[in-house]
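Coordinate analysis (summary)
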Amino acid sequence: MKRKSLENEACPLARSLEAIGDAWSVLIVRQAFTGDRRFGEFEKSLGVAKNILTVRLRKLVALGVLEQVTVEGRAYQEYVLTEKGRGLFLVLMAIRQWGEGCGGDSPYVLVDKRDKKPVRPLAFRAHDGRELGPDDMELRPAGESCPAGPAQPVTPPVS
């Protein structure tokens, strides 16, 4: 049975999962953030079969997450994160943070490049700075008014 495509769904979460919801795509993007740029680098670091890697890289390029660039004076191309792809950093770090909370040690810690100190965990914050959990938020239809004005998209702060 063929899986239903979610690319035309109204829900942005469903559309996002259609785009990068499989593990290999997410791991390719992770590796791009760590500096992998060439097909062979992705293949070696992930241990993924060439045919699977080829399909996922093509999809990520078609979606505008990665772009292929020709290296001047070389016969090969590299894969580089686009601005859209770089926008996935927060998503990947949120997934990583969730995974850290599920047990097991990580050989890496996310640190601020400037002062080399660990970065605080991601959290949603209210307009007044309070940290919010799932029970403190709700999704409302776009345009529905609330006491402070129209509903705003729920986006995590950069912290």
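Residues numbered from 1 in each chain as written. Predicted model: local features only at pLDDT ≥ 70, side-chain atom pairs only at ≥ 80, totals over all residues. Heavy atoms only, no water.

Now for the environment of L66. Mapped onto the secondary structure, L66 falls in strand β1 (residues 66-70). With sequence-adjacent residues up to four places away left out, L66 is seen in contact with I28, A32, L57, L60, V61, Y79, V80, L81 and T82. (Helix = DSSP H or I, 4+ residues; strand = E, 2+ residues; numbered from the N terminus. Contact = heavy atoms within 4.5 Å.)

What follows is about the nonpolar core. Within the largest apolar cluster, 19 residues are counted, with the highest numbers of intra-cluster contacts made by I28, V29, F42, L57, L60 and L66. Residue assignment for this core shows that the elements contributing at least two residues are α1 (12-20), α2 (23-34), α3 (39-46), α4 (50-62), β2 (77-81) and α6 (89-100). Setting aside chain neighbours within four positions, we find L60 in contact with I20, S25, I28, V29, V65 and L66. (Core = buried A, V, L, I, M, F, W, Y, C linked by side-chain atoms within 4.5 Å. Buried < 20%, exposed > 50% of the residue type's maximum accessible area, 1.4 Å probe, protein only.)

This part takes up the UniProt feature "domain: HTH hxlR-type" (unreviewed entry) in the chain. Per the UniProt record, "domain: HTH hxlR-type" (unreviewed entry) is annotated on residues 11-107. Within residues 11-107, the helical portion is 60% and the strand portion 10%, while the C-alpha atoms at the span's ends are 35 Å from each other. (UniProt positions renumbered as here; feature names shortened; annotations may be inferred.)

Quick look at the side chain of S25 now. Looking at the element boundaries, S25 is found in helix α2. Once residues within four sequence positions are removed from consideration, S25 is found in contact with I20, R56 and L60.

Over the atoms, a rolled probe matching the size of one water molecule traces out where space is still vacant. Put simply, the second largest pocket is a space of about 980 Å³. Taken together, 25 residues line the second largest pocket, and the ones lying closest to its centre are R30, F33, T34, F89 and M93. Elements with a minimum of two residues in the lining of the second largest pocket: α2, β2, α5 (83-86) and α6. Among the elements that make up the lining of the second largest pocket, the one with the highest residue count is α2 (6 residues). Of the residues contributing to the lining of the second largest pocket, the split by class is 15 nonpolar, 3 polar and 7 charged. (1 Å grid on protein atoms, 1.4 Å probe; cavity = no way out; pocket = protein on both sides within 12 Å on 5 of 7 lines; lining within 4 Å. Points joined across faces, edges and corners; volume = space filled by probe spheres on them. Nonpolar A, V, L, I, M, F, W, Y, C, P; charged D, E, K, R; others polar.)

Let us look at the pairing of β1. Two strands pair when backbone bridges link them, and β1 and β2 are joined in this way by 5 bridges, in the antiparallel orientation. In the sheet register, E67 faces β2, and the bridge partner there is V80. Following β1, the chain reverses through 6 residues before pairing antiparallel with β2; G73 in that reversal takes a positive phi of roughly 80°. (Pairing = 2+ DSSP bridges.)

Should their charged atoms come close, side chains of opposite charge can pair. Taken as a whole and assessed by the stated rule, the structure comprises 6 salt bridges. Between D22 and R56 there is a salt bridge, with its nearest N and O atoms 2.8 Å apart. Pair noted here: D22 is in the loop between α1 and α2 and R56 is in helix α4, with a separation of 34 residues, a long-range link. Looking at D22, the relative accessible area reads 21%, which means it is partly exposed. Residue classification places R56 among the partly exposed positions, given a relative accessible area of 21%. Across the pair R140 and E138 runs a salt bridge, and its minimum N-O distance is 2.8 Å. Residue classification places R140 among the partly exposed positions, given a relative accessible area of 32%. (Salt bridge = Lys/Arg side-chain N within 4 Å of Asp/Glu carboxyl O.)

Quick look at the packing of α3 against α4 now. Between α3 and α4, the least distance of the axes is 11 Å, while the angle of their chain directions is 120°. Judged on the interaxial angle alone, α4 and α3 are oblique. Considering how the two elements wind past one another, α3 and α4 form a crossing that is right-handed. From α3, F39, F42 and E43 reach across to α4, where they touch K50, L53, T54 and L57. For the contact of α3 with α4, the residue count by class is 4 nonpolar, 1 polar and 2 charged. (Axes fitted to C-alpha atoms, helices over the stretch in contact; angles between N-to-C directions. Parallel < 35°, antiparallel > 145°, perpendicular 65-115°, else oblique. Left-handed = near helix turned anticlockwise from the far one by under 90°.)

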